[in-house]
Amino acid sequence: QVQLVESGGGLVQAGDSLRLSCVVSGSTFSNFVMAWFRQAPGKEREFVGLITRSGGGTYYADSVKGRTTISRDNAKKTVYLQMNSLKPEDTAVYYCAGRSSGLIGTQAGTFDSWGQGTQVTVSS
């Protein structure tokens, strides 16, 4: 059974940086396209970005592009989300997700494994 465990969330101030980590166990990590989503109170889950199986490609939502970097270490079975210049509107629960199927796209429904989430709160 695949398990994803996020860490690194917390309370930060606007303009700060934060790095989230997600460790994957129970399966071959390099088989997974990995992504980050977030969900703010009262809002739908939102795609943040994804990284290909090899780590050679990334894709980001417009709302975070230019201040966000997703990376992965296949040896450590870990994917990272580095966010800079954080804004209060980045406040949300952040989830990592994995996709082992041949599906493509950024919709949450195409990802088959999810972490429990980590809270990020950005104060103004």
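In this report, the structure presented in the accompanying data block is examined. Small disclaimer: the values here were computed from a predicted structure and weren't measured.

Digging into the packing of aromatic side chains
Scanning the entire structure with this criterion turns up five aromatic pairs. When the ring of F37 is compared with that of F47, the centres are 5.6 Å apart and the planes differ by 75 degrees; the resulting orientation is edge-to-face. Taken together, the residues F37 in strand β4 (residues 33-39) and F47 in strand β5 (residues 46-51) connect sequence positions 10 residues apart. An identical accessibility class is assigned to F37 and F47; each is buried. Linked through ring pairs, F37, F47, Y59, Y95, F111 and W114 together constitute an aromatic cluster. When the ring centre of Y95 is taken as reference, the NZ or CZ atom of R45 above it lies at 3.8 Å. Positioned above the aromatic ring of W114, the side-chain terminus of R45 is 4.8 Å from the ring centre.

Quick look at the pairing of strand β3 (residues 18-25)
As paired strands, strand β1 (residues 3-7) and β3 are joined by five bridges and run antiparallel to one another. From the neighbouring strand, Q3 faces β3, where its bridge partner is S25. Bridging between β3 and strand β8 (residues 78-83) involves six bridges; their strand directions are antiparallel. Across the sheet, the residue bridging to L20 is L81, located in β8.

Section: the state of the cysteines
A full pass over the atoms with the stated rule returns one disulfide. Across a sulfur-sulfur distance of 1.9 Å, C22 and C96 are joined as a disulfide pair. The chirality of the disulfide connecting C22 with C96 is right-handed, given an S-S dihedral of about 45 degrees. Taken as a pair, C22 in strand β3 and C96 in strand β9 (residues 92-99) lie far apart in primary sequence, 74 residues in all. Taken individually, C22 and C96 each receive the classification buried, so the pair is uniform in this respect.

What counts as what
Throughout this document, residue positions are counted from 1 along each chain, in the order its sequence is written. Where totals are concerned, whole chains, interfaces and linings use all residues; where local detail is concerned, this predicted model gives features only for residues with pLDDT of at least 70, and gives and counts side-chain atom pairs only at 80 or more. For side-chain calculations, the full set of non-hydrogen atoms in the structure is used, while hydrogens and water are omitted. Think of it this way: a Phe, Tyr or Trp ring, Trp meaning its six-membered ring, pairs with another when their centres are within 6.5 Å, and the plane angle makes it stacked under 30 degrees, edge-to-face over 60, tilted otherwise. Comment: elements are numbered from the N terminus, with helices defined as DSSP H or I runs of at least four residues and strands as E runs of at least two. Any residue under 20% of the maximum accessible area for its type is buried, any over 50% is exposed, and the rest in between are partly exposed; the area is computed with a 1.4 Å probe on protein chains only. Charge-over-ring placement is defined geometrically: NZ (Lys) or CZ (Arg) within 6 Å of the ring centre, and within 35 degrees of the ring normal. Pairing between two strands requires that DSSP report at least two bridges joining them. Cysteine sulfur atoms are paired as a disulfide whenever they come within 2.5 Å of each other.

Take it as geometry only, folks, not as evidence of what the structure does.
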